[in-house]
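Single-letter residue listing:
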Amino acid sequence: MFARLPRLAALAFIALFLAVSVWLLAAPGRPAAVAKGGQYTDMRLYRDVVAEMARGTPYHRASAQLQRAHGYPLRPFVTMRPPTLYAAAARAGWPVLQFAALLLVLANVLAWSKALPAAFSRAERIGAAAGVALGGAAVIAPLLLGFTEFWAGLLMSLALALRMARPERWGWSVALVGLALLVRELALPFVLLSAAFALGERRWRELAAWGAVLAAFALFMGWHAQMVMAEVLPHDIASPGWSGGQGLRGVLAALANTSLWQNAPQPLALVCCLLPALGWGALSGRGAAFALLLLGGYALMLALFARADNFYWGFLLLPHWFAGYALIPRGIGQLWRVVSSPRR
């Protein structure tokens, strides 16, 4: 993308990127919206729900009782997560799920080592795989496995890598994103964007497959909504809504708080989470338009709607966002050639 910019647009992007970086470094840090000592957390909620399910309590009843007991909202129905992940945890156990998550991270590393176009160097491919490994490091923390966004992010990342490597083999992407959608409904934008591309490129069989995924999802969510509402009582509280409007800083904070960058000083962590944008802007070839629209769309969703305590939405962009680290030198090179060319 950078290589096609007019010279003035490239200069404007460089100025904006530097200004934002300075602003992030100079602005006072904001404490993360994390639980205080002894406070009941989402991670404890998910573990307790699975423990109740292991004792024989149905998911929706167990989740409703625990959410009510600890002051969590039960309206609208999406305040209760879909049961897919927790049913698997109750049946297989968290250690098995951690092993499955590790396999997904390794599959992502392998897929991203082959996802970039053939014209890209071996070093860039290795760097993309390393970035993805960095982005998937949360797999080492067992308590984070209860976040459905973590699993949806891993599945969508793998689907994106496979789509970029072999777009004609869309079956795996459909299956992976379909599973992500059953785990967390926030995978829906991936489905809609894929369907739009299939329609625009007249790939009718693929479009039909995405349509089938949407139909199955609608039936699943209809059932889920019915089960939730059967457990809701008149005095149950409602969610404050999703209109955080945190902007770019909120997106970067979500990425930092769901990755190893949470251990760095916040201003530095935010800039480090911004840097992959320099790499993704240099992407070209197969899948570039789709990848940029997908990443940009999710970033916009987080910027507009995520509250400060929805930091775990950052998992929806991980681990694939960090693959952009590998392309930073290419991005800088493209921008330099555009601004230094007298004909641009």
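Quick note: structure is the one above.
Residues numbered from 1 in each chain as written. Predicted model: local features only at pLDDT ≥ 70, side-chain atom pairs only at ≥ 80, totals over all residues. Heavy atoms only, no water.

**Comments concerning unusual backbone geometry**
Residues Arg 75 and Pro 76 are joined by a peptide bond in cis, for which omega reads -10°. Omega for the peptide link from Leu 318 to Pro 319 comes to 10°, which places this bond in the cis form. Its place among the elements puts Pro 319 in the loop between α14 (288-305) and α15 (328-340). In this model, Arg 202 sits at a positive phi of 55°, which is unusual for a non-glycine residue. Relative accessible area serves as the criterion here: at 61%, Arg 202 is assigned to the exposed category. (Helix = DSSP H or I, 4+ residues; strand = E, 2+ residues; numbered from the N terminus. Buried < 20%, exposed > 50% of the residue type's maximum accessible area, 1.4 Å probe, protein only.)

**Describing helix α11 (residues 247-257)**
Counting buried positions over the eleven residues of α11 gives eight, a clear majority of the element. Where α11 is concerned, the buried positions are Arg 249, Gly 250, Val 251, Leu 252, Ala 253, Ala 254, Leu 255 and Ala 256. For α11, the elements touching its buried residues are α1 (7-26), α12 (266-274) and α14. (Contact = heavy atoms within 4.5 Å.)

**Re the side chain of Ser 21**
Residue position: Ser 21 is located in helix α1. With residues up to four places along the chain from it excluded, the contact list for Ser 21 reads Val 271 and Leu 274.

**Quick notes on the packing of helix α5 (residues 94-112) against helix α7 (residues 148-165)**
Between α5 and α7, whose axes approach to 9 Å, the crossing angle comes to 25°. Between α5 and α7, the angle is such that the two are roughly parallel. Along this stretch, α5 crosses α7, giving a crossing that reads as left-handed. Within the contact between the two elements, α5 uses Leu 97, Ala 100, Ala 101, Leu 104, Val 105, Ala 107, Asn 108, Ala 111 and Trp 112 and α7 uses Phe 150, Trp 151, Leu 154, Leu 155, Ser 157, Leu 158, Leu 160, Ala 161, Leu 162 and Met 164. (Axes fitted to C-alpha atoms, helices over the stretch in contact; angles between N-to-C directions. Parallel < 35°, antiparallel > 145°, perpendicular 65-115°, else oblique. Left-handed = near helix turned anticlockwise from the far one by under 90°.)

**Regarding the nonpolar core**
Counting 110 residues, the largest nonpolar core has Trp 112, Phe 150, Trp 151, Phe 190 and Leu 283 as the members making the most contacts within it. Setting aside residues up to four positions removed in sequence, Phe 190 forms contacts with Met 156, Ala 159, Leu 160, Val 177, Phe 290, Leu 294 and Tyr 298. (Core = buried A, V, L, I, M, F, W, Y, C linked by side-chain atoms within 4.5 Å.)

**With respect to the pattern of salt bridges**
Under the counting rule described, the total for this entry stands at twelve salt bridges. Notably, a salt bridge pairs Arg 163 with Glu 206, separated by 3.5 Å at the nearest N-O pair. Separated by 43 residues along the polypeptide, Arg 163 in helix α7 and Glu 206 in helix α10 (residues 204-231) bring together distant segments of the chain. Looking at Arg 163, the relative accessible area reads 10%, which means it is buried. Between Glu 201 and Arg 203 there is a salt bridge; the shortest N-O distance is 1.6 Å. Connected via shared salt-bridge partners are Arg 81, Glu 149, Arg 184 and Glu 185. (Salt bridge = Lys/Arg side-chain N within 4 Å of Asp/Glu carboxyl O.)

**Details of the packing of helix α4 (residues 84-92) against α5**
How two helices sit against one another is set out by the angle between their axes and by the gap between those axes. At their nearest, the axes of α4 and α5 sit 7 Å apart, and the two run at 120° to each other. As summarised for this structure, α4 and α5 are arranged oblique, according to the angle between their axes. Mapping the contact onto sequence places Leu 85, Tyr 86, Ala 88, Ala 89 and Ala 92 in α4 and Trp 94, Val 96 and Leu 97 in α5. In terms of residue class, the contact of α4 with α5 is made up of eight nonpolar, no polar and no charged. (Nonpolar A, V, L, I, M, F, W, Y, C, P; charged D, E, K, R; others polar.)

**Considering the packing of aromatic side chains**
Taken as a whole and assessed by the stated rule, the structure comprises 17 aromatic pairs. Judged by centre distance (5.9 Å) and plane angle (85°), the ring pair of Trp 112 and Trp 280 falls under edge-to-face. With Trp 112 in helix α5 and Trp 280 in helix α13 (residues 276-280), the pair connects residues that are 168 residues apart, well separated along the chain. Of the residues examined, Trp 112 reaches a relative accessible area of 0% and is grouped as buried. Given a relative accessible area of 4%, Trp 280 falls into the buried group. Between Phe 150 and Phe 315, the ring centres sit 5.5 Å apart and the planes meet at 75°, which makes this aromatic pair edge-to-face. Of the two residues, Phe 150 sits in helix α7 while Phe 315 sits in the loop between α14 and α15, which places them 165 residues apart along the sequence. For the pair Phe 150 and Phe 315, one class covers both residues: buried. (Phe/Tyr/Trp six-rings, centres within 6.5 Å; stacked < 30°, edge-to-face > 60°.)

**Remarks on the environment of Arg 30**
With respect to the helices and strands, the residue Arg 30 is situated in the loop between α1 and α2 (42-54). The sequence separation of Arg 30 and Gln 266 amounts to 236 residues, and the corresponding C-alpha distance is 7.8 Å. Non-local contacts of Arg 30, meaning those with residues more than four positions away in its chain, are made with Arg 249 and Gln 266.

**Looking at helix α8 (residues 171-183)**
For α8, which comprises 13 residues, the first-to-last C-alpha distance of 19 Å matches the rise-based estimate of 18 Å (1.5 Å per residue) to within 8%. Listing the buried residues of α8 in full gives Ser 173, Val 174, Leu 176, Val 177, Gly 178, Ala 180, Leu 181 and Val 183. (Expected span 1.5 Å × (residues − 1).)

**Digging into the environment of Leu 316**
Among the secondary structure elements, Leu 316 is positioned in the loop between α14 and α15. Taking the C-alpha atoms as reference points, Leu 316 and Leu 304, separated by twelve residues in sequence, lie 15 Å from one another. Not counting residues within four places of it along the chain, the set of residues in contact with Leu 316 comprises Glu 149, Ala 152, Gly 153, Met 156, Leu 186, Tyr 298 and Met 301.

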